[in-house]
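Structural characterization, general
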Amino acid sequence: MAGGKFRFGDTFKKISFQETNEANVEKKTFVETRTKEEIYKGLGIKFVDLSSVVVDDSVVTLITDDAARKYNAIPIGYDEVQTDSIILAMDNPMDVEAIDDVRAILGKKVIPVAVDTSQLMLLVDKYFGKAAAQSVAEEYRKEFYIGIEAEEKAADSEVEDAPVVQLVKGIIEQAVHRRASDIHIEPLEDAVRLRYRVDGVLVEIMKYDSSLLNVIVSRVKIISGLDISEKRSPQDGRATAVVAGREFDIRVSTLPTVYGEKIVMRLNEKTTMQLEKSRLGISGKEMDDFNKMLGHPHGIILVTGPTGSGKSTTLYTALSELNVEGVNIITVEDPVEVNIAGINQVQVNEKAGLSFASALRSILRQDPDIIMIGEIRDAETAAIAVQAAITGHLVVSTLHTNSTAATIDRLVDMGVEPYLVADSIVGIIAQRLARRLCVHCKEAYEATESEKRELGLDINEPYTLYRHKGCGKCDGVGYFGRIGIFETMDMTPELRNLIASKASTNQIRKLSIEQGTHTLVYGYKKLVREGITSMSEFHRAEYSEE
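Procedures and definitions
Residues numbered from 1 in each chain as written. Predicted model: local features only at pLDDT ≥ 70, side-chain atom pairs only at ≥ 80, totals over all residues. Heavy atoms only, no water. Axes fitted to C-alpha atoms, helices over the stretch in contact; angles between N-to-C directions. Helix = DSSP H or I, 4+ residues; strand = E, 2+ residues; numbered from the N terminus. Parallel < 35°, antiparallel > 145°, perpendicular 65-115°, else oblique. Contact = heavy atoms within 4.5 Å. Nonpolar A, V, L, I, M, F, W, Y, C, P; charged D, E, K, R; others polar. Buried < 20%, exposed > 50% of the residue type's maximum accessible area, 1.4 Å probe, protein only. Polar contact = N/O pair within 3.5 Å; in protein donor to acceptor, adjacent residues only side chain to side chain. pLDDT = per-residue confidence, 0-100. Salt bridge = Lys/Arg side-chain N within 4 Å of Asp/Glu carboxyl O. Pairing = 2+ DSSP bridges. Right-handed = clockwise from strand over helix to strand, strands pointing away. 1 Å grid on protein atoms, 1.4 Å probe; cavity = no way out; pocket = protein on both sides within 12 Å on 5 of 7 lines; lining within 4 Å. Points joined across faces, edges and corners; volume = space filled by probe spheres on them. Phe/Tyr/Trp six-rings, centres within 6.5 Å; stacked < 30°, edge-to-face > 60°. Lys NZ or Arg CZ within 6 Å of the ring centre and 35° of its normal.

1. A word on the packing of helix H18 (residues 493-500) against helix H19 (residues 505-514)
Working note: a packed helix pair is described by the angle between its axes plus the distance between those axes. The contact between H18 and H19 brings their axes to 10 Å, and the two run at 175 degrees. Taken together, the axis directions place H18 and H19 in an arrangement best described as roughly antiparallel. On the side of H18, the interface is formed by Glu494, Leu495, Leu498 and Ile499, while H19 contributes Gln507, Ile508, Leu511 and Ser512. Split by residue class, the contact of H18 with H19 holds five nonpolar, two polar and one charged.

Pasting the structure below:
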């Protein structure tokens, strides 16, 4: 579809509210079992994939930002058959009142079509996001109040249509639509930069006028329960948001910089933090090892990896499976990322003297069966975790290490005796997240000799690999979504003996591999060979065989 022209005039069927109400029960079942695309196609309404069409810029600007967001609709081009009619992309093409209002605004006939909500909002943000931000800045310039007065007004405002309220709300909503895990609001010398972390990579979205920094910071602080008057010290808070019917928990962190306070917001959707184990991307031997670990009545299960590698999701998934009647599960976290029904969750509060270690001591007097520690950060916490495991509790926690074998050395460095490490640990999972190639645009090519050698392939045989290209569906990046890569170490008697004898990391790693452990490097190479990810993504992880 080029030039914003579409051919829908002959096949579009108008559906009235009366017709849909008569089939209300049938429609309810339909909605529960079908995708949005299937639902509307079943009703005879065209469904358009906005990522695969060329939008007519001149038509989009016939509507205002306010109208587009009010009616969840945006014009995308003229119909090829009915050339005087405009194709109107809508979240709900059966909203007759919205169609009538937009028709009056455009002064032309409209043909409503159904589109994906996230794609619609992305398109609205693309055309109107920057203008909306600029209008907020202009509105504040016109006001007589400046400095702290502006910040207090922004913070205290509970009016939904207040400019700064809408701006911050739009930043969060746009992040959700772009599948971002983190929002970075960064003060620069002459601007405020907005960046989203999408599939593990930071992407610049836009720059705001520097005059907006203080009001944005104040607004974010007030919704996350922070002190707006404190600008010299870092603060941590929490907020919640509902976007398109999805509930998100938002962890907020502020940090003073030379140009002002920087804000990072981490978005966690509750449903994605409690997945089925199969949806984590774990399978084969790794799944068998994981199931075996969760089957132990006592001991320590450790999930390791850098920040943003999916450790928390793996932990919450494990807890959700272990959360059955008759089991007392208590967690100590900093912060509590997701509230899980039936689990007792404790928030660390250093100011009140509630550290990981002090919380753990109290937890051990609460008759727990399973204890989850958000992170083992120091020797005291490590010692209590080992004590709990040896005295009959199942402990699950995380550590920041690069591999399963390196985790043993890290615990010993914390002061835990090797024989206690060997006795207490039942299994270790190291994990990473690799970007998936976009299935719509990934490009096949013949592997080079050096690539075959690196992947362990026969250099004399042809082999097809895939690389990223970029299209509308992946926003031109070439990648869409991520997949987990797992390295599991099941604690065998041989490994316990080796660890107790104070063996080196390399010795532990070698024996683990001999017993069947697939390293993270092996996992990356497997995904490259299968065409799920690319050589450049493998190299971006900077892995090499030790």
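2. Considering the side chain of Ser534
Note on placement: Ser534 falls in the loop between helix H20 (520-529) and helix H21 (535-540). Residue classification places Ser534 among the buried residues on the basis of a relative accessible area of 1%. Among the polar contacts listed, one links the side chain of Ser534 to the side chain of Tyr479, at a separation of 2.6 Å. Setting aside chain neighbours within four positions, we find Ser534 in contact with Leu437, Tyr466, Arg467, Tyr479 and Val528.

3. Description of the confidence of the model for the chain
Counting all residues, the mean pLDDT for the chain is 83, and 86% of those residues have values of 70 or more. Within the model, the stretch residues 7-33 combines pLDDT values under 50 with 37 contacts to residues more than four positions away or in other chains. Across residues 144-148, where pLDDT falls below 50, the model places four contacts with residues more than four positions away in sequence or in other chains.

4. What about the pattern of salt bridges?
Counted according to the given criterion, the structure contains 19 salt bridges. In this structure, the salt-bridge partner of Arg195 is Glu186, at a minimum N-O distance of 2.7 Å. The residues Arg195 and Glu186 share a single accessibility class, namely buried. The partner of Arg540 in a salt bridge is Glu537, with the nearest N and O atoms 2.9 Å apart. Taken as a pair, Arg540 and Glu537 lie in helix H21 at a separation of three residues, close to a single helical turn. Among the residues examined, Arg540 registers a relative accessible area of 42% and is labelled partly exposed. The network of salt bridges with shared partners includes Glu186, Arg193, Arg195 and Lys262.

5. Some words on the sheet that holds strand E20 (residues 479-490)
The sheet built from seven strands is open, its strands ordered E14-E13-E15-E16-E12-E17-E20 with mixed pairing. Here the strands that pair on one side only, and so sit at the sheet edges, are strand E14 (344-347) and E20. Adjacent strand axes in the sheet meet at a mean angle of 20 degrees when their direction is disregarded. Contacts between helix H12 (residues 311-322) and the sheet are confined to strand E12 (299-304), strand E13 (329-333), E14, strand E15 (370-373), strand E16 (394-399), strand E17 (425-437) and E20, with E16 contributing the most and set at about 170 degrees to the helix. Packed onto the sheet, helix H15 (residues 404-413) meets E12, E16, E17 and E20 and runs at close to 130 degrees relative to E17.

6. Section: the pairing of strand E5 (residues 109-115)
The element E5 is largely enclosed, with a buried count of six among its seven residues. Bridging between strand E2 (residues 47-48) and E5 involves two bridges; their strand directions are parallel. Within E5, the residue paired with Phe47 across the bridge is Ala114. Here six bridges tie strand E4 (residues 85-90) to E5, and the two strands are oriented parallel to one another. Paired with Ile86 across the strands is Val110, a residue of E5. Of the crossover connections in this fold, the one passing from E4 over helix H6 (residues 96-106) to the parallel E5 is right-handed.

7. Points about the side chain of Asn328
With respect to the element layout, Asn328 can be found in the loop between H12 and E13. Within the structure, Asn328 has its side chain in polar contact with the side chain of Asn344 (distance 3.1 Å). With near-sequence residues (within four places) excluded, Asn328 lies in contact with Asn344, Gln366, Asp367, Pro368, Asp369 and Ile370.

8. Brief notes about empty space enclosed by the protein
To locate leftover empty space, one rolls a probe as large as a water molecule over the atoms. Per the counting criterion, the structure on display carries one cavity of 30 Å³ or more. Of the pockets and cavities examined, the largest cavity occupies roughly 40 Å³. Listed by contribution, the elements that provide at least two residues to the lining of the largest cavity are helix H11 (284-294), E12 and H12. Residue contributions to the lining of the largest cavity peak at three residues, all from H12. Across the lining of the largest cavity, the residue classes tally to eight nonpolar, one polar and no charged.

9. Points about the packing of aromatic side chains
Taken as a whole and assessed by the stated rule, the structure comprises one aromatic pair. Each ring, one from Tyr524 and one from Phe538, has its centre 5.9 Å from the other, and the planes form 40 degrees; the classification is tilted. Taken together, the residues Tyr524 in helix H20 and Phe538 in helix H21 connect sequence positions 14 residues apart. The ring of Phe480 carries the charged tip of Arg179 above its face, separated from the ring centre by 3.8 Å. The ring of Tyr479 carries Arg435 above its face, with NZ or CZ at 4.0 Å from the centroid.

10. Details of the environment of Ala68
Inspection of the secondary structure assignment puts Ala68 in helix H5 (residues 65-71). Considered as a pair, Ala68 and Leu120 are 52 residues apart in the sequence and their alpha carbons are 9.6 Å apart. Look past the residues within four positions of Ala68 in its chain and what remains in contact with it is Ile63, Ala73, Val124 and Phe128.

11. Side note on the pairing of strand E6 (residues 180-187)
The buried count for E6 comes to eight of eight residues, which makes it a mostly enclosed element. Relative to strand E7 (residues 191-198), E6 is paired through seven bridges, and the arrangement is antiparallel. The residue of E7 that forms the bridge with Ala180 is Val198. Hairpin connection, E6 to E7: the antiparallel pair is bridged by three residues. Sheet topology places E6 next to strand E11 (residues 260-269); four bridges connect them, and they run antiparallel. Residue pairing for E11: Asp182 is matched across the bridge by Arg266.

12. What to know about the layout of surface pockets
Counted as a void, the second largest pocket has a volume near 1,100 Å³. Lining the second largest pocket are 43 residues, and of these Leu122, Gly472, Lys473, Cys474 and Asp475 lie nearest its centre. For the lining of the second largest pocket, the secondary-structure elements that each account for two or more residues are helix H3 (36-42), helix H7 (117-142), helix H9 (163-177), strand E8 (201-209), E17 and E20. The element that contributes the greatest number of residues to the lining of the second largest pocket is H7, accounting for six residues.

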